[in-house]
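# Working through the structure, step by step
The primary structure of each chain is shown beneath.
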Amino acid sequence: MKKETVLVIGSCGQLGTELVEALRGIYGDENVIASDIRKGESPVFESGPFELLDILNLDRWKEILHKYKPTHVYHLAALLSATAEQQPEFAWKLNMQGLFHVLDAAKEAGSSIKRVYWPSSIAAFGVNTPRFDTPQYGPMDPSTVYGISKYAGELYIQYYYQRYGVDTRSLRYPGLIGHKSDPGGGTTDYAVAIYHDALKDKHHNCFLKEGTILPMLYMPDALKATLDVMHAPADQIKMRMSYNLAGMSFAPEEIAGSIKKHIPDFNISYTPDYRQAIADTWPAVIDDSMAREHWGWKPDFDLDRMTSDMLTNIAPRYKM
Ligand code: AKB
């Protein structure tokens, strides 16, 4: 029987770095191939195979497929919401063409690529989506290129499942918060920077305004959800677009309040920029009951538990 070989595309980003580590713990270092357009600095990339891969380069993509014959592909390479608004044409190309390269490869490989994971986002929702208890199905009118690419991608992964039998799995991530690697180019990134600023300067100037409630998820929960949805038996995945997923929801002043419990003289100021307009089109609180019912999703972390874990883990970096 062929052993499982897992390929992670876009492995050096915030999620990829931690996912590669988690996958290597499950499948073995040599069986998880990390790949990205450039190599990340984390030691995790020294613990097993790493390949340079621009997913838009079809020849190189085919070379990697031929070399490793992956059974599971996690395709994470994308421009996030804020960066994508700075270069919308390239963002569309990367987010969509990259996905088609992966889906077409899975279609051609037949059953030898057993599963494909591709992340969607709360950015797939829009101003006409209910902001509270945001349902799995409802009005979807994303207003960013990133959000449009995520919604289109959701429809395409469902299409490849229905038409070609590609076993696609997907989650609509809220903002992801972790201490092992930094996010890049997202509207929710302040919720990571705030912890570093609190320890460094006891002050954070937030690019979103007070009262901007957004859904967020702590990285250990994001990893758990990703692995659980990929490992669930196919008959539990009863919905082939992307599952709503929730951990917690808070506004900047609430995360600041949670930090103040540990650092009483921490303070926050507000200078909203172009990212405010993006955040204003996103939901505040997600209804993830379908994920809970279908494959048993349940987050472990709330805001205060996350804050204490984040501060404990990043404090050593700022000790003089
Ligand atoms: C972003 O802010 O763009 C991402 C996301 C919510 O998908 N973190």
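Residues numbered from 1 in each chain as written. Predicted model: local features only at pLDDT ≥ 70, side-chain atom pairs only at ≥ 80, totals over all residues. Heavy atoms only, no water.

## Regarding the overall build of the chain
The helix and strand inventory of the chain stands at eleven helices and 14 strands. Relative to the 2.2 N^0.38 estimate, which gives 20 Å for 320 residues, the radius of gyration of the chain is 19 Å and therefore close to what a compact globule would have. The buried share of the chain, reckoned over its 320 residues, is 57%. For the chain, contacts bridging at least 24 residues in sequence account for 78% of all contacts bridging at least 6. Summed over all atoms, the accessible surface of the chain reaches about 13500 Å², with 52% contributed by carbon and sulfur. Looking at charge distribution, the chain has the averaged site of its 33 positive side-chain charges lying 5 Å from that of its 40 negative ones. (Helix = DSSP H or I, 4+ residues; strand = E, 2+ residues; numbered from the N terminus. Rg over C-alpha atoms; globule rule 2.2 N^0.38 Å. Buried < 20%, exposed > 50% of the residue type's maximum accessible area, 1.4 Å probe, protein only. Contact = heavy atoms within 4.5 Å. Areas by Shrake-Rupley, 256 points an atom, 1.4 Å probe, with all protein chains shown as cover. Lys, Arg positive; Asp, Glu negative; His and termini not counted. Charge placed at Lys NZ, Arg CZ, Asp CG, Glu CD.)

## Remarks on the site of the ligand
Every residue close to the ligand is listed here: Leu80, Ser81, Ser121, Ile122, Tyr146, Gly186, Thr187, Thr188 and Trp282. Thr188 is positioned such that a nitrogen or oxygen atom in its side chain is 2.9 Å from a nitrogen atom of the ligand. Coverage of the ligand by the protein amounts to 93% of the 260 Å² it exposes when considered alone. For the shell around the ligand, the residue count by class is four nonpolar, five polar and no charged. (Near = heavy atom within 4 Å. Polar contact = N/O pair within 3.5 Å; in protein donor to acceptor, adjacent residues only side chain to side chain. Nonpolar A, V, L, I, M, F, W, Y, C, P; charged D, E, K, R; others polar.)

## Structural notes on the pairing of strand E2 (residues 32-36)
Look at any regular strand and the pattern is simple: side chains alternate between the two faces of the sheet. Counting buried residues along E2, five of its five residues qualify, which places the element largely inside the surrounding structure. With burial as the criterion, each face of E2 is covered, one bearing Val32, Ala34 and Asp36 and the other bearing Ile33 and Ser35. In this structure, strand E1 (residues 6-9) lies alongside E2, joined through four bridges in parallel fashion. Pairing of Val8 across the sheet is with Ala34, part of E2. Handedness of the E1-helix H1 (residues 14-27)-E2 crossover: right-handed. (Pairing = 2+ DSSP bridges. Right-handed = clockwise from strand over helix to strand, strands pointing away.)

## Some remarks on the packing of aromatic side chains
Tallying each qualifying case throughout the model produces twelve aromatic pairs. Between Tyr159 and Tyr160, the ring centres sit 6.2 Å apart and the planes meet at 70°, which makes this aromatic pair edge-to-face. The interplanar angle of 85° and the centroid separation of 6.1 Å between the aromatic rings of Tyr159 and Tyr164 together place this pair among those described as edge-to-face. Owing to a relative accessible area of 33%, Tyr164 belongs among the partly exposed residues under this scheme. An aromatic cluster of at least three residues, connected via ring pairs, comprises Phe100, Tyr156, Tyr159, Tyr160 and Tyr164. Between Arg240 and the ring centre of Tyr161, over which it is positioned, the NZ or CZ distance is 4.0 Å. Lying over the aromatic face of Phe301, Arg305 brings its terminal NZ or CZ to 4.2 Å of the ring centre. (Phe/Tyr/Trp six-rings, centres within 6.5 Å; stacked < 30°, edge-to-face > 60°. Lys NZ or Arg CZ within 6 Å of the ring centre and 35° of its normal.)

## A few points about unusual backbone geometry
For Lys69, which is not glycine, the phi dihedral falls at a positive 45°. Relative accessible area serves as the criterion here: at 46%, Lys69 is assigned to the partly exposed category. A positive phi angle, close to 60°, is found at Lys202, a residue other than glycine. Mapping Lys202 onto the fold places it in the loop between helix H6 (190-201) and strand E10 (203-206).

## Focus on the environment of Gln236
On the secondary structure map, Gln236 appears in the loop between helix H7 (219-231) and strand E12 (243-244). With relative accessibility at 29%, the residue Gln236 sits in the partly exposed group. As a C-alpha pair, Gln236 and Ala291 span 55 residues in sequence and 9.7 Å in three-dimensional space.

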